[in-house]
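# Understanding the architecture of this molecule
In case you want the letters, here they are:
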Number of protein chains: 2
Amino acid sequence: MAASSIRARVRAEMIDEIKVVARRHLATDGANLSLRAVARDMGMVSSAIYRYFPSRDDLLTALIIEAYDALGAAVEAADAGPDRLDLRGRWHAACRAARDWALTHPAEYALLYGSPVPGYAAPDDTIGPAQRPPVTLVGILRDGLAAGRLSPPPADGLPGELRADLAEIADAYFPGVPEALLARGMAGWTQLFGLISFELFGRINRALPHRDAYFDHQTALMADLIGLPRD
Amino acid sequence: MAASSIRARVRAEMIDEIKVVARRHLATDGANLSLRAVARDMGMVSSAIYRYFPSRDDLLTALIIEAYDALGAAVEAADAGPDRLDLRGRWHAACRAARDWALTHPAEYALLYGSPVPGYAAPDDTIGPAQRPPVTLVGILRDGLAAGRLSPPPADGLPGELRADLAEIADAYFPGVPEALLARGMAGWTQLFGLISFELFGRINRALPHRDAYFDHQTALMADLIGLPRD
DNA sequence: CTTCGTCAAGAGCAGTGCTCTCTGTTTTGT
DNA sequence: ACAAAACAGAGAGCACTGCTCTTGACGAAG
């Protein structure tokens, strides 16, 4: 058993090293990760990698899950910083953390939120980690509502079918959050994703050198839309 | 000269057919376009393609430019439908047109707004067509401002440096549009892009079957943020 | 009628993911 | 303790990719 675990430990270390090298390749060479190049860097032959990952897609999936978790952890840690009642402070901290992580890990961000690879379908293991950032954001709204520092927006503009969809999501992840507020929270999350993607994928105007200020202003606009108090 | 132009015409038709076949491959097989497969479909050998396009990236660039123009034309046509003073009608029409185009041309949309290919840098020819949708959207705000149906938002929250950046963009594309309003317009454009990307790239909640209603509600929220009158 | 530019084909290079077979080592069951 | 089974890595090979270079044929221009 102890002898078995030494083999298992070597194997686990091998898997880790493959992921580290693969992540390095991802950062330098971009999204088209080459198994052979990873193997070359490790002094192995390409077919040996298949002892540890059944296919290239499985290696990518492992990297994706870890990236989701890293992003989620960064956002959660930032949200945990300010006072619980400082809703705007938490909002900005969480948004900035997501952007900072994306800017320091552009290739991994592209892996998560870029165009999906045609043949590749993200397995179910990814959906849990993927939801950590939006759950954190809407959590800020939930806390604000509970503390009475946030009034739910009018729900009159919501069609019934959409309201039912949103209620289902709220039941699963955010019990007690009214549908209209949830919709606004999702709008904030969509905007955050759009802002980061525009900046990272280079579609943003070149004539916008002060990107930090632009980002902060746009996230503040969304905080206004959601109704976070200024205090 | 006439004989020369017959040769040139055949050449132009050849280029067109390559692009048509390539677009078909793009739609079925996804983003990794294979030159050899295109050549095979045309009954040619792969090296013959290089008579017409110096590289695969150049072929992709041609497709990208045409896709930008198609999307831009769709958005502009939709915007031209409603009465000029029906700002909200124009806004929704333009947003829906962008989404419809993306849903019917997912691979081309991914080419435009997905993760950039590592080695590939979009040439300058693309930035003109790429700006047609946002120019159209902000044009709605400009018209509303000129007609007095839209009041510019307060500019007190804008840092000076950001204000200068926005003023430069406004001078180049939207003369007369105040900085704070331009920022809101860009927020709307970012949100539109984020909404479409989330839906198309599958990151949207599976538990949201009524996507049309969701999309309309989210774009209406942005119209509220911008200050488009309800009437 | 010859010359020259264009076109398509073919071979070939370096690279890719992946499979299969072979050898050597390590762990496991008796 | 020893044989059996599992595992790790190497190597060859398949089908595919983008791209280059050379060769031969054809049509337009002088």
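Please read these numbers as outputs of a predicted model, since none were measured by experiment.

Aligned on chain A, chain B shows an RMSD of 0.1 Å; the corresponding rotation is 180° and the shift along the axis is 0.0 Å. Here the two chains are linked by the operation of a two-fold rotation axis. Looking at the interface residues of chain B, 100% of them are also at the interface in chain A, so both copies use one shared face.

Our focus in this paragraph is the packing of aromatic side chains. Applying the stated rule across the entire model yields 16 aromatic pairs over all chains. In this structure an aromatic cluster arises from ring pairing among Tyr-68, Tyr-109, Tyr-113, Trp-189, Phe-193 and Phe-201 of chain A together with Phe-198 of chain B. The aromatic ring of Phe-215 of chain A is capped on one face by Arg-99 of chain A, whose charged end is 5.0 Å from the ring centroid.

This paragraph deals with the protein's contact with DNA strand D. Around DNA strand D, the structure places 23 residues, and the nearest of them are Arg-51 and Tyr-52 of chain A together with Leu-35, Arg-36 and Arg-56 of chain B. Take the atoms of DNA strand D that sit within 4 Å of the protein: sugar and phosphate atoms are 50% of them. Within the side chain of Arg-40 of chain B, an N or O atom sits 2.8 Å from a phosphate oxygen of DNA strand D. Contributing elements (two or more residues each) for the surface near DNA strand D: helix 1 (2-29) of chain A together with helix 1 (2-29), helix 2 (35-41) and helix 3 (46-49) of chain B. Looking at the surface near DNA strand D, its residues break down into 8 nonpolar, 7 polar and 8 charged.

Looking at the assigned domains, one finds that chain A contains domain 1 (1-54) and domain 2 (68-226). Each of domain 1 of chain A and domain 2 of chain A has a C-alpha centre, and the two are 33 Å apart.

Right, let's get into the side chain of Arg-99 of chain B. All names here are of chain B. Of note, Arg-99 is situated in helix 5 (residues 87-104). Residue Arg-99 is classed as buried on the basis of its relative accessible area of 7%. With sequence-adjacent residues up to four places away left out, Arg-99 is seen in contact with Ile-196, Glu-199, Arg-211, Asp-212 and Phe-215.

What follows concerns the packing of helix 4 (residues 56-79) of chain B against helix 6 (residues 106-113) of chain B. All names here are of chain B. Relative orientation of the contacting elements helix 4 and helix 6 amounts to 105°, with a least axis distance of 10 Å. Relative to helix 6, the element helix 4 is oriented roughly perpendicular. Contact residues: Leu-60, Ile-64, Ala-67, Tyr-68 and Leu-71 in helix 4; Glu-108, Leu-111, Leu-112 and Tyr-113 in helix 6. Along the lines of polarity and charge, the residues of the contact of helix 4 with helix 6 split into 8 nonpolar, no polar and 1 charged.

Rules behind the numbers
Residues numbered from 1 in each chain as written. Chains lettered and ligands numbered in written order. Predicted model: local features only at pLDDT ≥ 70, side-chain atom pairs only at ≥ 80, totals over all residues. Heavy atoms only, no water. Least-squares fit on C-alpha atoms with pLDDT ≥ 70 in both. Contact = heavy atoms within 4.5 Å. Phe/Tyr/Trp six-rings, centres within 6.5 Å; stacked < 30°, edge-to-face > 60°. Lys NZ or Arg CZ within 6 Å of the ring centre and 35° of its normal. Near = heavy atom within 4 Å. Polar contact = N/O pair within 3.5 Å; in protein donor to acceptor, adjacent residues only side chain to side chain. Helix = DSSP H or I, 4+ residues; strand = E, 2+ residues; numbered from the N terminus. Nonpolar A, V, L, I, M, F, W, Y, C, P; charged D, E, K, R; others polar. Domains from an automatic or database assignment. Buried < 20%, exposed > 50% of the residue type's maximum accessible area, 1.4 Å probe, protein only. Axes fitted to C-alpha atoms, helices over the stretch in contact; angles between N-to-C directions. Parallel < 35°, antiparallel > 145°, perpendicular 65-115°, else oblique.

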